[in-house]
Amino acid sequence: QVHLRSAERLRELCCANRGTFIKVGQHLGALDYLLPEEYTRTLKVLHSQAPQSTRREIEQVIREDLGKEIKELFMSFEDTPLGAASLAQVHKAVLQDGRTVAVKIQHPKVQAQSSKDILLMEVLLLVVKQIFPDFEFMWLVEEAKKNLPLELDFLNEGRNAEKVAHMLKNFDFLKVPRIYWELSTKRVLLMEFMEGGQVNDRAYMERNGINVNEISRNLGKLYSEMIFVNGFVHCDPHPGNVLVKKCPASGKAHIILLDHGLYQVLSESFRMDYCRLWQALIKADMKRVQKYSRRLGAGNLYPLFACMLTARSWESVNRGIDRSPVSASEDVEIRSNAAAYLPQITQLLNNVPRQMLLLLKTNDLLRGIESALHTRASASSFLNMSRCCIRAVSTYQRSKSHSLYRRAQISLTEALSLWQINLYELFLWLKGSQLGNWVIALLSRMHHST
């Protein structure tokens, strides 16, 4: 009851202040593995049901930015938004030429309000720093100052959408809405209309015959490719921004990626250290975990850093995160330790490179989705991460080598490593299939007969 009352008060606070406060509420609502259920359940509504702008406010923004009235631009325009988030809301409309579009319109006061929110946050954090010297949160203000202006520029969002669609064009399951540039401005973005269920809605997937494990696996592929291979990462994968839909023609399930305002560009040196750290975590190579955690700014807090990255206990990290499923007792341990180690967590967040902060947020949101789908710590996600890390490190090594022989040697090692992963994946598939059980039973009988 205390959790529920506090969560409802926090939701009301976010809705009253809007803007930046709703973004914080959205992030908290995705931390299923960390916060009590009363908080996540109450704050989840902020992903798509944040406070809305009125029809008059929407008309004002469109008039100011596009120089025309709604009825001049659109054959029809739905008053009720498809979703309302922290900075904008989206309406379904039909253009005069018959194309159905999604119109993303910024809340009219959010530009001015966001700078006040950041100033207020800065003042409050300075006060907290005076009262509780152990808590260092100024990095939060620095990140907000850097990222909010980018998120408030919808032309930047359109460019990001086109870039990531081109970058990941090999993934036929990924759909990114096309941008209609002729009717887009800094505060209005016109996109191809796409609809589907939220990625954490397991019931929707079951009703529509969508394989939950396949969606989770493809989402992992998508983010592994962005983080480890390309270094260009969509950093706001909360459930309102990731939709799923089954294509009636092909029967394939598509992942629709929305809201491309917030991306993190990773430097090559950071990306390589991060790749090697994850390789060490998957192999439970503690010496390399320590080495690359320290290189990423964790210092002596590297065990805590490893636990934060994987959302697993230190015991599980030592044993191998791909070898044991997440248990209820481990979840309880993580929640209690998060409270106990809060000063160390804030110290760590202040010390790591700024690129790491948005990656940690992205990890949190992805884990929230996996928790809702009951697919956390599946072997396939670690195998996909391993593939991407091997490819990324090999590409980097080839780019730094001037010897043809050395480049050939790197390519051969890469091919062998990827082949080993494919073989292991085949073994896991056989182990879990009827054919595999039949083969094992047959081999067992042959062994006994001999």
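Quick note: structure is the one above.
Residues numbered from 1 in each chain as written. Predicted model: local features only at pLDDT ≥ 70, side-chain atom pairs only at ≥ 80, totals over all residues. Heavy atoms only, no water.

Undergrad: Can you tell me about the overall build of the chain, naming the residues and giving the values?
TA: Within the chain, the secondary structure is distributed over 20 helices and 11 strands. Taking 22 Å as the expected radius of gyration for a compact globule of 450 residues, we find that the chain reaches 24 Å, a close match to that expectation. Taking the principal axes of its C-alpha atoms as reference, the chain extends roughly 85 × 60 × 55 Å. Looking at the chain as a whole, 48% of its 450 residues are labelled buried. Accessible surface, the chain as shown: approximately 22300 Å² in total, 56% of it carbon and sulfur. Averaging the locations of the 58 positively and 46 negatively charged side chains of the chain gives two centres separated by 6 Å. (Helix = DSSP H or I, 4+ residues; strand = E, 2+ residues; numbered from the N terminus. Rg over C-alpha atoms; globule rule 2.2 N^0.38 Å. Buried < 20%, exposed > 50% of the residue type's maximum accessible area, 1.4 Å probe, protein only. Areas by Shrake-Rupley, 256 points an atom, 1.4 Å probe, with all protein chains shown as cover. Lys, Arg positive; Asp, Glu negative; His and termini not counted. Charge placed at Lys NZ, Arg CZ, Asp CG, Glu CD.)

Undergrad: Please set out the packing of helix α10 (residues 212-230) against helix α17 (residues 354-373) residue by residue, giving values where relevant.
TA: Where α10 contacts α17, the two axes come as close as 10 Å, and the packing angle between them is 170°. It follows from the interaxial angle that α10 and α17 lie roughly antiparallel. Residue-level inspection shows Val212, Ser216, Leu219, Tyr223 and Ile227 of α10 in contact with α17, the latter providing Leu359, Thr362, Leu366, Ile369, Glu370 and Leu373. (Axes fitted to C-alpha atoms, helices over the stretch in contact; angles between N-to-C directions. Parallel < 35°, antiparallel > 145°, perpendicular 65-115°, else oblique. Contact = heavy atoms within 4.5 Å.)

Undergrad: Hey, could you go over the packing of helix α11 (residues 268-283) against helix α13 (residues 302-310) for me, with residue numbers and the actual values?
TA: It is the contact of α11 with α13, at a shortest axis distance of 12 Å, that shows an interaxial angle of 90°. One element, α11, and the other, α13, form an angle in the roughly perpendicular class. On α13, the residues touching Tyr274, Leu277, Trp278 and Leu281 of α11 are Phe305, Ala306, Leu309 and Thr310. In terms of residue class, the contact of α11 with α13 is built from 7 nonpolar, 1 polar and no charged. (Nonpolar A, V, L, I, M, F, W, Y, C, P; charged D, E, K, R; others polar.)

Undergrad: Let's hear about the side chain of Thr346: which residues, and what values?
TA: Tracing the sequence through the fold places Thr346 in helix α16 (residues 342-351). Contact partners of Thr346, with chain neighbours within four places excluded, come to Asp134, Phe135, Glu136, Phe137 and Trp139.

Undergrad: Tell me about unusual backbone geometry, and please be specific about residues and values.
TA: We note that Ala284 has phi near 55°; this positive angle belongs to a residue other than glycine. Positionally, Ala284 belongs in the loop between α11 and α12 (286-295). A positive phi angle, close to 55°, is found at Ala311, a residue other than glycine. The topology assignment puts Ala311 in the loop between α13 and α14 (314-319).

Undergrad: Account for α10, with residues named and values stated.
TA: Over its 19 residues, α10 runs 26 Å from end to end, which matches the ideal 27 Å to within 8%, given 1.5 Å per residue. For α10, every residue scored as buried is listed here: Val212, Ile215, Ser216, Asn218, Leu219, Leu222, Tyr223, Ser224, Glu225, Met226, Ile227 and Phe228. For α10, the N-terminal capping position is held by Asn211, with its side-chain oxygen 2.9 Å away from the main-chain nitrogen of Asn213. Residue Gly231 follows α10 closely and has a positive phi angle near 65°. (Expected span 1.5 Å × (residues − 1). Polar contact = N/O pair within 3.5 Å; in protein donor to acceptor, adjacent residues only side chain to side chain.)

Undergrad: Before we move on, can you summarise the sheet that holds strand β10 (residues 253-257) with the specific residues and values?
TA: With respect to topology, 4 strands assemble into an open sheet ordered β5-β10-β9-β7, the strand pairing being mixed. The two strands at the open ends of the sheet, each matched to only one other strand, are β5 (174-175) and β7 (197-198). As paired elements, β5 and β10 share 2 bridges and run parallel to each other. Looking at the pairing, Lys175 lines up with Ile256 of β10. Packed onto the sheet, α10 meets β5, β9 (242-246) and β10 and runs at close to 45° relative to β10. (Pairing = 2+ DSSP bridges.)

Undergrad: Explain the nonpolar core to me, using residue names and the numbers behind them.
TA: In a soluble, globular protein the nonpolar side chains are often hidden away together inside. Core analysis: the largest hydrophobic core is formed by 78 residues, its most contacted members being Leu222, Tyr274, Trp278 and Met356. Sort the elements by how many residues they give to this core and α11 lands first, with 9 residues. For Met356, the contacting residues outside a window of four places in its chain are Phe270, Tyr274, Leu296, Phe305 and Leu309. Judged by nonpolar contacts, the second largest core, of 16 residues, contains Val61, Phe74, Val103 and Leu190. (Core = buried A, V, L, I, M, F, W, Y, C linked by side-chain atoms within 4.5 Å.)

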